[in-house]
Amino acid sequence: MIEVLEKIRETYSGADLALCEKAYEFAKKAHANQKRASGEEYFTHPCNVAKILIDLGLDAATIAAAFLHDVIEDTPVSEGDIKAEFGDEVLQLVQGVTKLEKIEFTSKEEEQAENFRKIFVAMAKDIRVIIIKLADRLHNMRSLNFLSQERQQRMARETLDVFAPLAGRLGISQIKCELEDLSLKYLEPEFFEYLVTNINAKLVERREFVAFVVQEIQNILKESNIEGEVFGRPKHFYSIYKKMKNQNKTLDQIYDLTAVRVIVNTVDDCYEVFGKIHHKWKPVPGRIKDYIATPKPNMYQSLHTTVVTNFGQTFEIQIRTYEMNRAAEYGIAAHWKYKENKKEVDDFDARLSWIREVMEWQGGLKDSKEFIDSLKGDIYSSEVLVFTPKGDVISLPKDATPIDFAYQIHSAVGNKCVGAKVNSKMVPLNTPLQVGDVVEIITSPNSKGPSWDWLKVAKSSSTKVKIKQFFKREMKEENIKTGKAMLEREAKNKGYNLSDLLTDKAFAKLSQRMSFSGQDEMFASVGYGAVTTNQVLVKLIDYYRHSSIESQAKIIAKNKSQTGGVIVKGMDNILVRIAGCCNPVPGDDIVGFISRGRGVAVHRADCPNMRNVDPERYIEVSWANQTGTSFNAGIKVIANDQGVILASVSQVVAQLNFAITAINGRIDSKTKQAVVDFNIRLNSRSELDALIDKLKQNKKLIDVYRTSI
């Protein structure tokens, strides 16, 4: 911990130094007496995160946020305390990294997805958030051996799927490589140990070979009067592992375990050395890559070639300028480490353009899992570089199609696309593009827009979202009708009426969780597939059950002490309540269900909610003496005319000497039919059956059936 203070004092001065030291002392006090899984003081973690960021050259506000990044989550310190002590800038960085601990999630997957969504929202405002998060994850991975195997596997998988590719996409190769190696160590421990042992076994032999290659290239530089450095760089274990897996090779068949790097002053020097190396050694076909002319999406630039020596040994050479080497090592962090350099500022803006694009399409995703799946697909480095007819370079995912190309140009081009030419030849829109293809999109003002089938063809996450957004926007009315019909049908399958479930209060509760601005947006989202019927109905039914219990459920207690009550076999003086979802009445076949902390709930035997419950929680119940007992029953009547319903029901109820206790009528917006709900006071189940049979004899009534009340 003293070491990080020394680093701060070597790196910063004035107000920046004061800010870092203040954050150090504040965090040290906040985390006092807290321990990590390793048994060491918790404060060592933020100190190590800060050290990583200092080495990357980040500014003082980022270092302060690194010290403080866990205090809101793990200590009594509040956001107000951070703001008062350190200001808005530091607070926003800490907020961006802090997990969503106070929100209730339905699953671990949803929690993870929402954490990443929040990080990306914060990244769009300030990229330093993800750099802190990467440093935080790197130190956690370095000390992963103190956690359980299950947590090791989960964190390593998450790191390999999301954090390492993110570091790569931002160009921070030193963090990316270490995260990949640490993930491999826990995901494939035996393979990792095999690599460590066998690669080290031939270390001396490999060093001799690399020394030979370095000396030969230094001779080339000297003969050409080019200033520069040449050195060997061992490839990290995960890159070797991937090559063995992807190419189905053994370690003995992987010859380029060490890459030789040449660093010179100018781009012209790069190409001159490149040519002279090929003059000395034969290049391997297909292994020459010019990332200077066509940089990677993370703005990485270098010349790569694999050559064969005169005695048959292959090895890889990377040639770049000093400026390119800094960008390759520090990536987006070079903006702070070398911010006086104008090109670094331009590269910084170019890298941020990808993040802005992610934020554009993520707004169209309601579902957290869809967001994280799309994000994973988008953060892996693009594999295919293709060209527009004007020579502009477009980066796309592997196996991308002309559809992806069209939407990468602009959403309007994608929506009006009717055909494509690749290398001047017409091709189907599902044709996989190859590196170097020249792609031309043919559009038509008469195009009606994309096809749903395009979603199966597109490879880019952003393309898929843009296609879905088109259907969401252009087919809103149709989606509303479709979504509503789907919800009504599924609700009926579950034993409910959508109109009963979808009250104003229920929708308000639902929109808090799913961010719907109105019911039409909810119907449309279901209609075009952004959310499923199950996602909506599970929440509505849950709210309906709770509100029914609170407002309508009748508590019938102490078995036989109340006439018309319920007898629970083998138990006395137990709390008994009538389930509001099906509202059983005397005469119905009933079952008892032992609910946690709320006694026995009595359901109709045919209640849909009892189909999949734990059978061990059933209990036998029966109706007690029902003589002289009256109860409310609900019926729903449907006809083309509301007046006919009221007249018919009133006449029959009067004939049978019953009493109507409540009426609620409306016109169904879809069918235009009149629907009236009645609550009627009855004395037995047989009276309810007689009432319904009598009403069904009236040909002017379309339907009559019992409901819950």
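The structure this text deals with has already been given above.
Residues numbered from 1 in each chain as written. Predicted model: local features only at pLDDT ≥ 70, side-chain atom pairs only at ≥ 80, totals over all residues. Heavy atoms only, no water.

**Notes on unusual backbone geometry**
- A positive phi angle, close to 75°, is found at serine 424, a residue other than glycine.
- As for its placement among the helices and strands, serine 424 is situated in the loop between β9 (417–422) and β10 (425–427).
- Positive phi, normally seen in glycine, also occurs at lysine 672, with a value near 65°.
- With respect to the helices and strands, the residue lysine 672 is situated in the loop between β19 (659–667) and β20 (674–682). (Helix = DSSP H or I, 4+ residues; strand = E, 2+ residues; numbered from the N terminus.)

**Description of the pattern of salt bridges**
- Using the criterion set out here, one finds 18 salt bridges in the structure.
- Across the pair glutamate 3 and lysine 51 runs a salt bridge, and its minimum N-O distance is 3.4 Å. Of the two residues, glutamate 3 sits in helix α1 (residues 2–11) while lysine 51 sits in helix α3 (residues 44–56), which places them 48 residues apart along the sequence. (Salt bridge = Lys/Arg side-chain N within 4 Å of Asp/Glu carboxyl O.)

**A look at the sheet that holds strand β18 (residues 631–639)**
- Taken in spatial order, the four strands make up an open sheet running β19-β20-β18-β21, and their pairing is antiparallel. What marks the edges here is a single partner per strand, and that holds for β19 and β21 (701–707). In this sheet, adjacent strand axes meet at a mean angle of 20° when their direction is disregarded.
- In terms of strand pairing, β19 meets β20 through eight bridges, oriented antiparallel. Across the sheet, the residue bridging to isoleucine 667 is alanine 674, located in β20.
- Contacting β18, β19, β20 and β21, helix α29 (residues 642–655) crosses the sheet at an angle of about 15° to β20.
- Contacts between helix α30 (residues 685–696) and the sheet are confined to β18, β20 and β21, with β21 contributing the most and set at about 165° to the helix. (Pairing = 2+ DSSP bridges. Axes fitted to C-alpha atoms, helices over the stretch in contact; angles between N-to-C directions. Contact = heavy atoms within 4.5 Å.)

**A look at the nonpolar core**
- Counting 76 residues, the largest nonpolar core has Leu53, Ile63, Phe67, Leu68, Leu134, Ile175 and Leu195 as its most contacted members.
- For leucine 195, the residues in contact, after removing those within four places along its chain, are Leu184, Asn200, Phe237, Ile240, Tyr241, Met244 and Leu251.
- Ranked by size, the runner-up nonpolar core spans 28 residues in total, among them Ile480, Tyr496, Leu502 and Ile541. (Core = buried A, V, L, I, M, F, W, Y, C linked by side-chain atoms within 4.5 Å. Buried < 20%, exposed > 50% of the residue type's maximum accessible area, 1.4 Å probe, protein only.)

**Here we look at the packing of aromatic side chains**
- Tallied over the full model, the rule gives 11 aromatic pairs.
- Here the aromatic rings of tyrosine 24 and phenylalanine 67 are separated by 5.6 Å at their centres, their planes lie at 90°, and the arrangement is edge-to-face. Here phenylalanine 67 lies in helix α4 (residues 60–68) and tyrosine 24 lies in helix α2 (residues 14–30), a separation of 43 residues in the sequence.
- The class for tyrosine 24 is buried, based on a relative accessible area of 2%.
- The exposure class of phenylalanine 67 is buried, given its relative accessible area of 0%.
- Summarising the aromatic geometry, the rings of phenylalanine 26 and phenylalanine 86 are spaced 5.3 Å apart at their centres and angled 90° between planes, so their arrangement reads as edge-to-face. Taken as a pair, phenylalanine 26 in helix α2 and phenylalanine 86 in helix α6 (residues 79–86) lie far apart in primary sequence, 60 residues in all.
- Phenylalanine 86 sits in the buried class, given a relative accessible area of 10%.
- Among the aromatic side chains, those forming a connected cluster through ring pairs are Phe191, Tyr194, Tyr238 and Tyr241.
- In this structure, lysine 22 is placed above the aromatic ring of phenylalanine 86, and the distance from its NZ or CZ to the ring centre is 5.3 Å. (Phe/Tyr/Trp six-rings, centres within 6.5 Å; stacked < 30°, edge-to-face > 60°. Lys NZ or Arg CZ within 6 Å of the ring centre and 35° of its normal.)

**Some details on the environment of glycine 599**
- As for its position among the elements, glycine 599 is in the loop between β14 (590–594) and β15 (600–604).
- For glycine 599, a relative accessible area of 18% gives the class buried.
- Taking the C-alpha atoms as reference, glycine 599 lies 4.8 Å from leucine 575; in sequence the two are 24 residues apart.

**With respect to a nonpolar patch on the surface**
- Where nonpolar side chains cluster on the molecular surface, the patch consists of Leu646, Ile660 and Ile663 and spans about 230 Å² of accessible area.
- With respect to the helices and strands, the residue isoleucine 660 is situated in strand β19.
- Looking at isoleucine 660, the relative accessible area reads 31%, which means it is partly exposed. (Patch = residues over 30% accessible without salt bridge, like charges linked within 9 Å, V, L, I, M, F, W, Y side chains within 5 Å. Areas by Shrake-Rupley, 256 points an atom, 1.4 Å probe, with all protein chains shown as cover.)

**Some thoughts on α30**
- Given a rise of 1.5 Å per residue, 12 residues ought to cover 16 Å, and the 17 Å separating the end C-alpha atoms of α30 matches this to within 8%.
- Those residues of α30 not exposed but buried are Leu688, Leu691, Ile692 and Leu695. All buried residues of α30 project into a common sector of 95° when viewed along the axis, lining one side.
- Buried residues along α30 sit in contact with β18, α29, β20 and β21. (Expected span 1.5 Å × (residues − 1). Arc of directions from axis to C-beta.)

**Quick word on the pairing of β15**
- β15 sits mainly inside the fold: five of its five residues count as buried.
- Of the two faces of β15, the one carrying Val600, Val602 and Arg604 and the one carrying Ala601 and His603 are both buried.
- As judged from the three bridges shared by strand β13 (residues 576–578) and β15, these two strands associate in the parallel manner. Residue isoleucine 578 lies in a different strand from β15, and its bridge partner there is valine 602.

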